[in-house]
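Each chain, letter by letter, is given below.
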Number of protein chains: 2
Amino acid sequence: MNQDYIIPNAWSIIEEGFEKDRVKSSESLFSIGNGAMGQRANFEEFYSGDTFQGSYIAGVYYPDKTKVGWWKNGYPEYFAKVLNAPVWIGINIEINGEQFDLNTCKEVKNFRRELNMQEGLLDRSFVAVLPSGLEIEVFVRRFLAADLDELGAIKYDIKPLNGDANIVYKPYVDAHVKNEDANWEEIFWESIGSEIKGEQGFVQARTFKTHFNVVTYMENAIFINGEKQAITPSATKTEWKVEFTYEVNVKANETVTIQKFGGYVVSTNHKANELVTAAENVLAQANALGYEQLLTNQKQAWAQTWEMADITIDGDVKAQQGIRFNIFQLNQTYSGKDARLNIGPKGFTGEKYGGSTYWDTEAYCLPFYMATKNQEVARNLLTYRYNQLDKAIENAEKLGFTNGAALYPMVTMNGEECHNEWEITFEEIHRNAAIAFAVFNYTRFTGDESYIPEAGLEVLLGIARFWKQRVNWSTDKKQYVMLGVTGPNEYENNVNNNFHSNYCAQWCMNYLIEQAENVKTNYPEDFARIAAKTNITDAELAEMKEVAANIYFPYSEEFDVYLQQDGFLDKDLTPVSELAKEERPINQKWSWDRILRSAYIKQADTLQAFYYFEDDFSREQLEKHFDFYEPLTVHESSLSPCVHSIQAATLGRMEQAYTFYLRTSRLDLDDYNKEVHEGLHITSMAGTWMSIVEGFGGMRVKNDALYFEPRLPEQWEGFSFKINFRNQILKVNVNKGETTFELEGTEPLEVYVFDQKVVVQPSI
Amino acid sequence: MNQDYIIPNAWSIIEEGFEKDRVKSSESLFSIGNGAMGQRANFEEFYSGDTFQGSYIAGVYYPDKTKVGWWKNGYPEYFAKVLNAPVWIGINIEINGEQFDLNTCKEVKNFRRELNMQEGLLDRSFVAVLPSGLEIEVFVRRFLAADLDELGAIKYDIKPLNGDANIVYKPYVDAHVKNEDANWEEIFWESIGSEIKGEQGFVQARTFKTHFNVVTYMENAIFINGEKQAITPSATKTEWKVEFTYEVNVKANETVTIQKFGGYVVSTNHKANELVTAAENVLAQANALGYEQLLTNQKQAWAQTWEMADITIDGDVKAQQGIRFNIFQLNQTYSGKDARLNIGPKGFTGEKYGGSTYWDTEAYCLPFYMATKNQEVARNLLTYRYNQLDKAIENAEKLGFTNGAALYPMVTMNGEECHNEWEITFEEIHRNAAIAFAVFNYTRFTGDESYIPEAGLEVLLGIARFWKQRVNWSTDKKQYVMLGVTGPNEYENNVNNNFHSNYCAQWCMNYLIEQAENVKTNYPEDFARIAAKTNITDAELAEMKEVAANIYFPYSEEFDVYLQQDGFLDKDLTPVSELAKEERPINQKWSWDRILRSAYIKQADTLQAFYYFEDDFSREQLEKHFDFYEPLTVHESSLSPCVHSIQAATLGRMEQAYTFYLRTSRLDLDDYNKEVHEGLHITSMAGTWMSIVEGFGGMRVKNDALYFEPRLPEQWEGFSFKINFRNQILKVNVNKGETTFELEGTEPLEVYVFDQKVVVQPSI
């Protein structure tokens, strides 16, 4: 843990007191989003202190020219960056002729920020003593409409306390923004121009290269003591920016409010030449509803989301806050409505890692969205990859693969690879298996048999073909080996016979063979279509079967465990617990070569395979491997603690499971990795959800039924979660001594608790 | 082979005919240097065509900010770049009011360039038809004084052939230059100002960060038909540049000549505030001698160099031209006078690879300089590393090593690492062994026992300490293993138990132990001094002995060869000969991951160890390993063919040895690797010398005596070379059927020819 200023609260993230050195951290933690857009909790008004300004629009990216020391064949030409979008939230303020800036106030009292997760609202309040001595009381509320997802709303109240005041609000929209993360310090936007229509302002900008066209717009209104004022603002306009100026004189204790509606309309959803009209339409809708109704709608929309997604934890408010924060952020990042979008590792909270889509989506996020939303959302995530299959085949061709072999990119925006470290880009190929596994996982959970014949089989085939070509026959071992890979544990590069990757390869090939036979038998028309397109033949499947059956797995007789890779036992196996504290985290303290040759594991690797393919191994095997690998694991990836939490719970090691749970659920709130100022770890938040549902709840799907092994951490009195299982909603309440179920649905549901059948009757 | 426009000639590199697309290639091939400075064969006059302008000053570099995709702990902050220096050669020319530019002439006839290697002169002549129709005959000669190494001289003759001409010469010096190879496109120089004193011009510039101060200077004279003219030039001056303007009117068939003296004086050799005076002194010396005497001196200096360094080959002019070109370039690059300097991979001919010093110096260049110059030169190369020992210890500390362990950098200018790919920087550590081996090699060849007690032992100790810490005990193998290295074959990264590296580590530790005992016994005062400084103890040596004795070497029973690394036999061992032609060179045709997992070898790796430590292995072992590894070798490093040529010759495979020889000696002349326009491969040129002396000559030093196994390639009638062996000069003449020796010295010399003793009497 690195910080603990966030006040424990079941439903809100709260900060009290204004500390300048926490500003960037809070900007990340109090970020808001609505799936279509989002931004860091930057102040609306000018702030001269240390800040990381960031607004983001889903799916709008920039292909920044790649930066490498030495170019290697096969590198992509660009690295897609999450794009810092134009600013719509800005409201500069002058009071009695002085610019208002929290950084230069004499004093800031009663500062309080609250991210109301229940209702989807960001509030900020304080009393500021201005350099002139004037005290003002401020309350600001901001939200991004969950239903009207092109709209954001702000109310900004100022009440002078000890004197009259001339208050000037200067709301603006500004497209002249720069990425913090830009390889060559270039601007990624070009101005298309700006426009003023009455009290509405619009700036239009287009990204270079990708040509995303965005209109950033606003309309404002001024109130005194709640009463709308008829003030005609003056306006200024440059090609990049529109700014209105509203001047108001008020007496002490009168409240002046500016209400700002604003947001983005984007050429991915509208014609590029109709964007201003589209923005006008959004504003018309917003004005018709009015601020109060928008607020009511916001609360309702979030209530609906929580109705399904909430997890309650009794007796441990920090754990409760942690899980709700995770669920809230996941829902802010991705709504599942749009198959073109995906879940970026930092969501709308920062720029690091670029791109939007990692294997995190399939391995960590899919289970969450699959269980807490309707199955269409999960299917959209699969469709995203199906739509990018051609690009994955091209990507594999660039690396020398043939015959429709597909290698999905490590990081992508549009299906093209945009990562450029050879040891990751070319070698961390287990990502390909996560995508196949997601198809299996989706089908297993939802029971939707239609995806595979309609689309999934082609994806599975491309992936299986890749694996078949990626292994080679070792005349020495008389088996197929896989050379030169990086497993999920990125603290090993270019290793041979990584157990995880080899196991995944075998599984993918076998699953493809099984599903090809299934489609051939049960969906002959689909099979004919796919065969015509892909030239899949029985001979190819037979060959693949032979390869899959003869994959080599490194194994130690001495320890009776599969080895993470060839030669693993040559390493010094001193456990992490014996490392001096000042040596950690090793990724900050050790040189890269030392990390590589150490046995230390960044995140679950062999154990990740045990997580995916749990049913293939006995509990005894799991225990043996957990005891071998976990002590060597430094958990320096945000994706690490959750898998270990689940496995520790599965093994009944509740204290350890609980520790891992806290680390994953409060990773950002408590800033374990000292990097929350860069943004939040969105994708690992889904791992937190899994820790509860699959870890403490022990939920699995086997043979079309739900299985539970509920285990309550000692610290908790109880917990509950809901899952949408095949269109019936099951609530699971785990309490001391008993587990109860509530079912919203029409049919009784058979579930298994520690392998004992329980029939749950619809109760709601 | 990629080009063959260079005309075969025993003593000169000659190009005939003006082809614009050969300009950059010829700029490399016709480069001149004198150890202290050098430049590409850029035209003196303005040239608007495609050109790579480059002038370089030995030891003057720039620490360019490192460029990496993702930063890793331990990376250096900068990458030292060979610095493009100010221009002293420039002479712009206007004829009848038109700028003279070979790129825009109507016609260029009888164009001829000759690099006269015997005398160290670069000549260019042609007849140009100007756009106006005027024909001019031009002859230009340029040389860099071999003795006065801050001075260069140019004579530039113009003779109008078919009309009178107004000829304006505008000689200039200009410090406003940019590197082709600059990570961030920055200028590396700042101007300190310029000065004109009579007909002398000076510009002073200083490198940012490193603060090398350089005055670039010139003085000119004009001649008509050889008669000096009293013309007072007009002059212009900016902070970056001084230019004089000489205007002359001549009749058809009169020859106008400008004579330019110019060059650099540098703050590494003079006080920074006395540089202009230093330049004036050089000019005074040059003027006192006069151009003709300078020319005579130049011829004499090169005659002296050739007297010792020449190798003759009879009956094969291309082979003769190749070896002389290599010897010439090596002597242009490094004179051995200055222990602060070293041999950059591109010398003064280009910027690629940055830095000046690689392991090439010790592994490839030392034997050449050791045998063809006096032993002080070779010792200077060792001293260079001794002087950088502290930096090597710091470098190792940065990576986590302790107790005086030293890791010499992969690439350096001043002892600090400036390479930044982890797989090279942190892992290609065999370079460390090359430096220890050079100490051994020097001592063995020169018989100079004093270097080790005076300096070498400290270097050997730092290196041995590194190896001892770099291996770790494998409880699995019950031996010491070395994980995560890159061997000389850079087509493998991060491998375990690279035979070459492990063998080197063992050898270094054993050699240190042996030499420590030697110094302790025979130079007790030196030992006491070193022990006080380094804390070397018997206990440490005993521990080291134990480690060295238990190093693991990967070995195949099946093939009876040491394996390049663990797991090598898992690879597909299809020989290079079965690769389709369009797949090669694989570094241009294959993705990096494919190269890595292939068995293909960039350059000698296991065989490099067999080269270093030949006496440790039998000829049968050499043959077995050569037959195993050479067929898998793609020779895509310039350092590869020479080692294979030597080993093929050693095994009596003369046809193969000859093929490798041609490839190494004419690598640049015939542009085998399609990159000569970027500069020459200077360090591999020493490998060419080794191919003849150690390959065809079979020269070795054992037990303080010279051994030869002369083998003549079928294509040759004979060859000869000279070596300076312990201050006697032995000339070896290998002819069909017999090998004869000539000795310049005072004592009879016992040598061995195929292990038969021959006593050579001093004959000269």
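Residues numbered from 1 in each chain as written. Chains lettered and ligands numbered in written order. Predicted model: local features only at pLDDT ≥ 70, side-chain atom pairs only at ≥ 80, totals over all residues. Heavy atoms only, no water.

Residue and element names in this part refer to chain B. Pairing is mixed across the open sheet formed by four strands, whose spatial order is β26-β27-β31-β32. For this open sheet the edge positions go to β26 (700–702) and β32 (756–760), each flanked by a neighbour on one side alone. Adjacent strand axes in the sheet meet at a mean angle of 35° when their direction is disregarded. Both β26 and strand β27 (residues 705–708) contribute to a ladder of three bridges, which runs antiparallel. Residue pairing for β27: K702 is matched across the bridge by A705. (Pairing = 2+ DSSP bridges. Helix = DSSP H or I, 4+ residues; strand = E, 2+ residues; numbered from the N terminus. Axes fitted to C-alpha atoms, helices over the stretch in contact; angles between N-to-C directions.)

Applying the stated criterion across every chain, the model contains 119 aromatic pairs over all chains. Between the aromatic rings of A:F440 and A:W507, the centroid separation amounts to 5.5 Å while the plane-to-plane angle is 75°, which identifies the pairing as edge-to-face. Taken as a pair, A:F440 in helix α8 (residues 430–446) and A:W507 in helix α10 (residues 499–522) lie far apart in primary sequence, 67 residues in all. Among the residues examined, A:F440 registers a relative accessible area of 23% and is labelled partly exposed. Considering the side-chain rings of B:Y491 and B:W592, the 6.0 Å spacing of their centres and the 85° angle between planes classify their relative orientation as edge-to-face. A residue pair is termed long-range when its members are at least 10 positions apart, and B:Y491 in the loop between β23 (479–481) and α11 (499–522) and B:W592 in helix α15 (residues 592–597) qualify at 101 residues. (Phe/Tyr/Trp six-rings, centres within 6.5 Å; stacked < 30°, edge-to-face > 60°. Buried < 20%, exposed > 50% of the residue type's maximum accessible area, 1.4 Å probe, protein only.)

In many analyses, interface size is given as the accessible surface area lost on bringing the parts together. In this complex, chain B contributes 49 residues to the contact, which on the side of chain A involves 49 residues. Surface buried jointly by chain B and chain A totals about 4000 Å² across both partners, of which 51% is contributed by carbon and sulfur atoms. Here chain B is connected to chain A by two salt bridges. The partner of A:D570 in a salt bridge is B:K477, with the nearest N and O atoms 2.5 Å apart. (Contact = heavy atoms within 4.5 Å. Buried area = accessible area lost by both parts, 1.4 Å probe. Salt bridge = Lys/Arg side-chain N within 4 Å of Asp/Glu carboxyl O.)

As a further point, take the relation of the copies chain B and chain A. Laying chain B over chain A is done by rotating through 180° and shifting 0.1 Å along the axis; what remains is an RMSD of 0.1 Å. This pairing of chains is accounted for by a two-fold axis. The share of interface residues of chain B whose copies in chain A are also at the interface is 100%, consistent with both copies meeting through the same surface. (Least-squares fit on C-alpha atoms with pLDDT ≥ 70 in both.)

Right, let's get into the UniProt feature "active site" (unreviewed entry) in chain A. Residues and elements named next belong to chain A. If you check UniProt for "active site" (unreviewed entry), the listed places come out as E490 in our numbering. Position of E490 among the secondary structure elements: in the loop between β23 (479–481) and α10. Residue class for E490 comes out buried when judged on its relative accessible area of 17%. Once residues lying within four places of it in the same chain are set aside, the contact partners of E490 are M410, I424, E428, W592 and K602. (UniProt positions renumbered as here; feature names shortened; annotations may be inferred.)

Further remarks concern helix α5 (residues 375–386) of chain A. Residue and element names in this part refer to chain A. Taking 1.5 Å as the rise per residue, α5 with twelve residues should run 16 Å; its terminal C-alpha atoms sit 16 Å apart, in good agreement. Every buried residue of α5 is accounted for by V377, A378, R379, N380, L381, L382, Y384 and R385. Those residues of α5 that are buried lie in contact with α4 (360–372), α6 (389–398), α8 and α9 (451–470). (Expected span 1.5 Å × (residues − 1).)

The next subject is α10(A). Over its 24 residues, α10(A) runs 34 Å from end to end, which matches the ideal 34 Å to within 8%, given 1.5 Å per residue. Counted residue by residue, α10(A) has 18 buried out of 24 residues, so it is predominantly covered.

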